[in-house]
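Chain by chain, the residues run as shown.
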Amino acid sequence: MLRKQAFSPEKYDKNIVATLPYYEEYFKQIIDIVHTAFPIPTAWLDIGCGTGKMADMAIRNLQVEKMVCCDNSTQMIKIAKERVCSPKVDFQETPIQNLQYNSDFDVITAILITHYLEYEERIVSIRNCYNALKKNGLFFTVENFAPDNDMFKRLYLERWKKYQYKNGKSEEECQSHILRYNTEYFPVTIIEQIHILQKCGFKNVEIFWCSYMQVGILGMK
């Protein structure tokens, strides 16, 4: 099951940029890759759509034929609907584990979602995404990752804490967020995440972006 998000839906957009370095860059990279890969209108599924940022950028910058945005939070869906007013976008309140599509989408995005899942839930969820993609479709996931050892874990967490402090969060807020590691979300190493995508059927898997303790991984069906 999905764990508690770091911020309330109403405060999410304001707090996330002070917490995650280069947050805007995730979306820019995805938009650029999709623009290169699909010169024709695309069918798009956004998992854990949150406040609708991915949908907003996709509709404004790309040829999107249809877009389905899913989230398990009623309030997040409400905010996303207010942000994205387009007849091309359908909002659904459903978790990633319950997806039942079959070869319906060219693009699937899952941003800051699967690190909330236990291992078996990850497998089920990512396999659902694989099944929902058309042949040669693209699956983008951006997640917090676990460093390979405790030395790097301490170093990266301290660097991340300093970023948050420099961006206006109190010492207490910074420490509280760092303590969520492996208690409220459950990161795996980059290699493990790549292996999970491969286990779920993706033959072509690459890192498309990485910084601090966040990684973007792209799988092609």
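Residues numbered from 1 in each chain as written. Predicted model: local features only at pLDDT ≥ 70, side-chain atom pairs only at ≥ 80, totals over all residues. Heavy atoms only, no water.

**Details of unusual backbone geometry**
In this model, Y22 sits at a positive phi of 60 degrees, which is unusual for a non-glycine residue. Here Y22 is to be found in the loop between α1 (12–19) and α2 (23–37). For Y22, a relative accessible area of 51% puts it in the exposed group. A positive phi angle is found at N136, which is not glycine, with a value near 70 degrees. Locating N136 in the fold gives a position in strand β5 (residues 133–144). (Helix = DSSP H or I, 4+ residues; strand = E, 2+ residues; numbered from the N terminus. Buried < 20%, exposed > 50% of the residue type's maximum accessible area, 1.4 Å probe, protein only.)

**With respect to the nonpolar core**
Grouped together as the largest cluster of nonpolar side chains are 43 residues, with contacts concentrated most on Y26, W44, M67 and L112. It is α2 that provides the largest number of residues to this core, a total of six residues. For M67, the contacting residues outside a window of four places in its chain are W44, D46, M54, A55, A58, K88, V89 and D90. (Core = buried A, V, L, I, M, F, W, Y, C linked by side-chain atoms within 4.5 Å. Contact = heavy atoms within 4.5 Å.)

**Considering the pairing of strand β6 (residues 204–211)**
One ladder, built from seven bridges, connects β6 with strand β7 (residues 214–220); its direction is antiparallel. Of the residues in β7, the one forming a bridge with V205 is G219. (Pairing = 2+ DSSP bridges.)

**A look at the pattern of salt bridges**
Counting across every chain of the model gives seven salt bridges. Ionic pairing is found between R60 and D56, a salt bridge with its closest N-O pair at 3.2 Å. Taken together, the residues span about one helical turn, with R60 and D56 both in helix α3 (residues 53–61) at a distance of four residues. On the basis of relative accessibility, which here comes to 55%, the residue R60 falls in the exposed class. One salt bridge connects D56 with R83, and the closest N-O pair in it is separated by 3.9 Å. A residue pair is termed long-range when its members are at least 10 positions apart, and D56 in helix α3 and R83 in helix α4 (residues 74–83) qualify at 27 residues. Residue D56 is classed as buried on the basis of its relative accessible area of 16%. (Salt bridge = Lys/Arg side-chain N within 4 Å of Asp/Glu carboxyl O.)

**Section: the environment of W209**
Assignment of secondary structure puts W209 in strand β6. A relative accessible area of 11% means that W209 is categorised as buried. Residues W209 and E25, spaced 184 residues apart in sequence, show a C-alpha to C-alpha distance of 8.8 Å.

**A word on the packing of helix α5 (residues 119–132) against helix α8 (residues 190–199)**
It is at 9 Å that the axes of α5 and α8 come closest, and there the two elements cross at 50 degrees. Of the possible angle classes, the one that applies to α5 and α8 is oblique. Of the two possible hands of crossing, α5 and α8 adopt the one that is right-handed. Touching Y119, R122, I123, I126 and R127 of α5 are Q193, I196, L197 and K199, all from α8. In the contact of α5 with α8, the residues fall into five nonpolar, one polar and three charged. (Axes fitted to C-alpha atoms, helices over the stretch in contact; angles between N-to-C directions. Parallel < 35°, antiparallel > 145°, perpendicular 65-115°, else oblique. Left-handed = near helix turned anticlockwise from the far one by under 90°. Nonpolar A, V, L, I, M, F, W, Y, C, P; charged D, E, K, R; others polar.)

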